[in-house]
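# A closer look at the structure
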Protein chains: 2
Amino acid sequence: MEANKTYHVAVVGATGAVGQQMIKTLEEQDFPVSKLTLLSSARSAGRKVTFKGKQITVQEAKPESFEGVDIALFSAGGSVSKELAPEAVNRGAVVVDNTSAFRMTPKVPLVVPEVNEEDLKKHNGIIANPNCSTIQMVVALQPLKEKYGLKKIIVSTYQAVSGAGANAIDEMKQQTKAVLEGEEFTPEILPVKGDKKHYQIAFNAVPQIDVFQDNGFTFEEMKMINETKKILHDEQLQVAATCVRLPVETGHAESVYVELNKAGVKAKEIQELLSESPGIVLKDNPAEQEYPMPADSVGKRDVFVGRIRKDLDRDNGFHLWVVSDNLLKGAAWNSVQIAESLVKLNLLK
Amino acid sequence: MEANKTYHVAVVGATGAVGQQMIKTLEEQDFPVSKLTLLSSARSAGRKVTFKGKQITVQEAKPESFEGVDIALFSAGGSVSKELAPEAVNRGAVVVDNTSAFRMTPKVPLVVPEVNEEDLKKHNGIIANPNCSTIQMVVALQPLKEKYGLKKIIVSTYQAVSGAGANAIDEMKQQTKAVLEGEEFTPEILPVKGDKKHYQIAFNAVPQIDVFQDNGFTFEEMKMINETKKILHDEQLQVAATCVRLPVETGHAESVYVELNKAGVKAKEIQELLSESPGIVLKDNPAEQEYPMPADSVGKRDVFVGRIRKDLDRDNGFHLWVVSDNLLKGAAWNSVQIAESLVKLNLLK
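Computed from a predicted model, the values in this text were never measured in an experiment.

Analysis parameters
Residues numbered from 1 in each chain as written. Chains lettered and ligands numbered in written order. Predicted model: local features only at pLDDT ≥ 70, side-chain atom pairs only at ≥ 80, totals over all residues. Heavy atoms only, no water. Pairing = 2+ DSSP bridges. Helix = DSSP H or I, 4+ residues; strand = E, 2+ residues; numbered from the N terminus. Contact = heavy atoms within 4.5 Å. Axes fitted to C-alpha atoms, helices over the stretch in contact; angles between N-to-C directions. Domains from an automatic or database assignment. Buried area = accessible area lost by both parts, 1.4 Å probe. Salt bridge = Lys/Arg side-chain N within 4 Å of Asp/Glu carboxyl O. Polar contact = N/O pair within 3.5 Å; in protein donor to acceptor, adjacent residues only side chain to side chain. Buried < 20%, exposed > 50% of the residue type's maximum accessible area, 1.4 Å probe, protein only. UniProt positions renumbered as here; feature names shortened; annotations may be inferred. Parallel < 35°, antiparallel > 145°, perpendicular 65-115°, else oblique. Nonpolar A, V, L, I, M, F, W, Y, C, P; charged D, E, K, R; others polar. Expected span 1.5 Å × (residues − 1). Arc of directions from axis to C-beta. Least-squares fit on C-alpha atoms with pLDDT ≥ 70 in both.

The next point concerns the sheet that holds strand 5 (residues 59-60) of chain B. By way of backbone hydrogen bonds, the strands of a sheet pair with one another, either parallel or antiparallel. All names here are of chain B. Reading across from one edge, 5-2-1-6-7-8 is the order of the 6 strands in this open sheet, with parallel pairing throughout. Here the strands that pair on one side only, and so sit at the sheet edges, are strand 5 and strand 8 (126-128). One ladder, built from 3 bridges, connects strand 7 (residues 94-97) with strand 8; its direction is parallel. Note on strand 8: the bridge partner recorded for Asp-97 is Ala-128.

Structure below.
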């Protein structure tokens, strides 16, 4: 980082689950903040948030809010980003956007620092933070891509409700209590807020995250498919996803099948490779029942990989189990990492 | 069924979760029972169970218990089956065994009536009921095998705790309550009773069902792999499995990727084929958010299939989401179906 230089940082969506983690992570990383502007919807404005021992009042996000801001971390929904990110850029800020608004826009880099930090150099004011389920998967895939090449990915996810926001967490807890006590309840939020139908999440598994597309895949599944190709710079990479919501508060897990472009690789080589790769903690010792689990990932920044097995039939096939805190590496931590990379590479104005 | 003929039926493990469902299913099916003998461990003996309005006292299972029994449904654990199933056969009974004790024994048919009922004709006294997660998958795969041929299966499971027994259900509920109320708890049963370590199941996803094998796969995963090949009579079929336990009481779900031996098949053809296949209910209408879920499967005998999508890259690849009540089609109902098939095919002595 440039010595002594400090930055005016804005967090948009400061009162949300991810926004709160962003503020906490900025503090923990001792990011060089000269001023922190906290922004939200009109509804949440006026709330106070503590940063480095000082109380900061959250203000309503408006175009003028970004005057003088160097870097703005957005996590307040796609429509807010679409409206205000360009306003922030016009006022000289660099935006790190944690929504899907700009992820597939060609001129917007989609960045996971362990994987494609260099893409930041091509930014035009907005940098997109990938979808949570995509981030943890590409962190695990990148070392395999570099060393062996990747042919095909098939992923089935086990996703936590915190990815659907604080209301979804509340709904899951209240429903769970109701089921245990034999009380009635009416699902109102999950699987997708605003979609036609709502289903029980307590003690259930719901194979829908985000809305359905015409091809029968959900938008979440298409995000994993398209974002993975963009981040790994490989439009030919075959990716398929089935995304499932579970009654888990935080921590996404993924059962990933990978076909490499190289035959004859052993599981042990992959374990060794991943154990030395950035952002990854290998947790793979079946004899001691050691493997990653969502409950163990909460509050940690790493991507945990285990259950690494060579396919019993296809010589280039491997199975992995990938777990991470969806609010941290999947969102807040990856965004702050991007901010740090921007500073390190001297890409802020 | 042969007119008027009735049978002396024994249920071994009569007080367990599956045993209870077996007794209920025998009654619902109006299976031609002349006498029902209910057997259990010494610990549960003496309990009374109602069958067709009459109370039957559960007795301790001993070799002599099987005198005069025509058909014995076993679901009391592998060691009980290993000890007592041969004793039952020696006394003239035909055994339908719901444990893994004899499943891979070459001379023992492993049967899902919708798939390989004919295999019953080769029985030597013992018939094995497959593993719950295998049964629902092969019901969905059999029509695809018959019409197109199968090349490769990759399955990731979402399995309910009732598969681990009544104690596991209690543990999940108590843990869930403890987490919601912020109380301490000590996992003692899951993921595998008697294994070295135990982990939280409440609000978590645990990638271990049954003990680990030397090849890094769990025994549950190897059951799915080996049993599927045996039931479908195809040792060349490529099968890989990742089995995961969820905080769900009843209802297993499976994300299944299938490669057919035929190219050019459309998803719509597969939907039509499965909608007309025995034991399957197609629930696949993304526009109306219709797909199978564990919570909807409880108490039903069908295998529910949905989320059918053609792979975006491989022309012979398809993705399915398969859900069923693991205690019914996965256990009790399949066992009673086998008993009905034995009667229908006149295979009881």
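Having seen the model, we can carry on.
All names here are of chain A. Taken in spatial order, the 6 strands line up as 5-2-1-6-7-8 in an open sheet, and their pairing is parallel. A strand with exactly one partner marks an edge of an open sheet, and here the two such strands are strand 5 (59-60) and strand 8 (126-128). As judged from the 4 bridges shared by strand 6 (residues 71-74) and strand 7 (residues 94-97), these two strands associate in the parallel manner. Each bridged residue has a counterpart across the sheet, and for Ala-72 the counterpart in strand 7 is Val-95. Across the sheet, helix 1 (residues 17-28) lies against strand 1 (7-12), strand 2 (33-40) and strand 6, angled at about 155° from strand 1, the strand it touches most. Seen against the sheet, helix 2 (residues 78-90) touches strand 1, strand 6, strand 7 and strand 8 and runs at an angle of roughly 175° to strand 6.

All names here are of chain A. In terms of domain boundaries, chain A breaks down into domain 1 (7-130 + 331-344) and domain 2 (134-326). Here the C-alpha centroids of domain 1 and domain 2 sit 25 Å apart. Listed as interface residues are 20 residues of domain 1 and, on the opposing side, 17 residues of domain 2. Where domain 1 abuts domain 2, roughly 1600 Å² becomes buried across the two surfaces, and 63% of that area is made up of carbon and sulfur atoms. Our count for the domain 1 to domain 2 interface comes out at 2 salt bridges. For the interface between domain 1 and domain 2, the tally reads 8 residue pairs in polar contact (both at pLDDT 80 or more). Listing elements by their share of the side of domain 1 that touches domain 2, those giving two or more residues are helix 1, helix 3 (113-116) and helix 9 (328-344).

Take the pairing of strand 3 (residues 48-51) of chain B next. Residues and elements named next belong to chain B. Alternating residues of strand 3 divide into Val-49 and Phe-51, all buried, and Lys-48 and Thr-50, none buried. By the bridge criterion, 4 bridges tie strand 3 to strand 4 (residues 54-57) in an arrangement that is antiparallel. Bridged to Phe-51 within strand 4 is Lys-54. From the end of strand 3 to the start of strand 4, which pair antiparallel, there are 2 residues, and Lys-52 there has a positive phi angle of about 50°.

This part is about the UniProt feature "binding site: substrate" (unreviewed entry) in chain A. Residue and element names in this part refer to chain A. The UniProt record annotates "binding site: substrate" (unreviewed entry) at Gln-159 and Arg-245. Spanning 87 residues, the named residues nonetheless gather at one spot, since no C-alpha pair among them exceeds 4.8 Å. For Gln-159, the position within the fold is in the loop between strand 9 (150-158) and helix 5 (166-180). You can call Gln-159 buried: its relative accessible area is 1%. What Gln-159 contacts, discounting residues up to four positions off in sequence, is Ser-133, Ile-209, Glu-220, Cys-243, Val-244, Arg-245, Leu-246 and His-252. A polar contact of 2.8 Å, which involves the side chain of Gln-159, links it to the side chain of Thr-157. Topologically, Arg-245 is positioned in the loop between strand 10 (238-242) and strand 11 (252-260). Here the side chain of Arg-245 touches Ala-160 through a polar contact of 2.7 Å, landing on its backbone oxygen.

Residues and elements named next belong to chain A. Between helix 4 (residues 132-148) and helix 9, the least distance of the axes is 8 Å, while the angle of their chain directions is 85°. Judged by the angle between their axes, helix 4 and helix 9 are roughly perpendicular. Touching Cys-132, Ile-135 and Val-139 of helix 4 are Lys-329, Gly-330 and Asn-334, all from helix 9. Of the residues that constitute the contact of helix 4 with helix 9, the class distribution is 3 nonpolar, 2 polar and 1 charged.

Each partner contributes to the interface: chain B provides 64 residues, whereas chain A provides 64 residues. Buried surface at the junction of chain B and chain A, both sides included, amounts to about 5400 Å², of which 58% is carbon and sulfur. For A:Lys197, the salt bridge identified is with B:Glu288, shortest N-O distance 3.9 Å. In this structure, the connection of chain B to chain A is made through 42 residue pairs in polar contact (both at pLDDT 80 or more). Contributions of two or more residues to the side of chain B that touches chain A are made by strand 9 (150-158), helix 5 (166-180), helix 6 (219-231), strand 10 (238-242), strand 11 (252-260), helix 8 (294-297), strand 13 (303-310) and strand 14 (317-324) of chain B.

For the rest of this paragraph, the subject is helix 6 of chain B. Between the first and last C-alpha of helix 6 of chain B there are 17 Å, a value that for 13 residues agrees with the 18 Å anticipated at 1.5 Å per step. With 11 of 13 residues buried, helix 6 of chain B is to be regarded as a mostly interior element. Of all the positions in helix 6 of chain B, only B:Glu220, B:Glu221, B:Met222, B:Lys223, B:Met224, B:Ile225, B:Glu227, B:Thr228, B:Lys229, B:Lys230 and B:Ile231 are classed as buried. Buried residues belonging to helix 6 of chain B abut strand 13 (303-310) of chain A together with helix 3 (113-116), helix 4 (132-148), strand 9, strand 10 and strand 11 of chain B. B:His233 sits one or two positions beyond helix 6 of chain B and adopts a positive phi of about 55°.

Moving on, we come to helix 7 (residues 267-275) of chain B. Residues three or four positions apart in an α-helix share a direction because the helix packs 3.6 residues into each turn. Residue and element names in this part refer to chain B. Of all the positions in helix 7, only Ile-270, Gln-271, Leu-273 and Leu-274 are classed as buried. Seen from one end, helix 7 has its buried residues packed into an arc of 165°, which puts them on one side. Buried residues belonging to helix 7 abut helix 4, strand 11, strand 12 (280-282), strand 13 and strand 14.

What follows is about the pattern of salt bridges. Within the structure shown, the criterion is met by 48 salt bridges over all chains. Note that A:Asp311 is salt-bridged to B:Lys152, the shortest N-O span being 2.6 Å. Remark: B:Lys152 occurs in strand 9 and A:Asp311 occurs in the loop between strand 13 and strand 14 (317-324); the pair is interchain, linking two chains. The burial state of A:Asp311 is the same as that of B:Lys152; both residues are buried. Note that B:Arg91 and B:Glu67 form a salt bridge whose closest N and O atoms lie 3.1 Å from each other. A residue pair is termed long-range when its members are at least 10 positions apart, and B:Arg91 in the loop between helix 2 (78-90) and strand 7 and B:Glu67 in the loop between strand 5 and strand 6 (71-74) qualify at 24 residues. Classification of B:Arg91 by relative accessible area gives partly exposed; the value is 26%. The network of salt bridges with shared partners includes A:Lys196, A:Lys197, B:Glu288 and B:Glu290.

All names here are of chain A. Annotation from UniProt places "binding site: phosphate" (unreviewed entry) at Arg-103. Note on placement: Arg-103 falls in the loop between strand 7 and helix 3. Classification of Arg-103 as buried rests on a relative accessible area of 4%. Once residues within four sequence positions are removed from consideration, Arg-103 is found in contact with Asn-98, Val-108, Leu-110, Ala-128, Asn-129, Pro-130, Asn-131, Lys-223, Glu-227 and Lys-230. Among the polar contacts listed, one links the side chain of Arg-103 to the backbone oxygen of Asn-98, at a separation of 3.3 Å.

As a further point, take the relation of the copies chain B and chain A. Structural alignment of chain B on chain A gives an RMSD of 0.0 Å, achieved by rotating through 180° and translating 0.0 Å along the axis. The superposition operator between the copies reduces to a two-fold rotation axis. By residue overlap, the copies meet face to face through one surface: 100% of the interface positions of chain B are interface positions in chain A.

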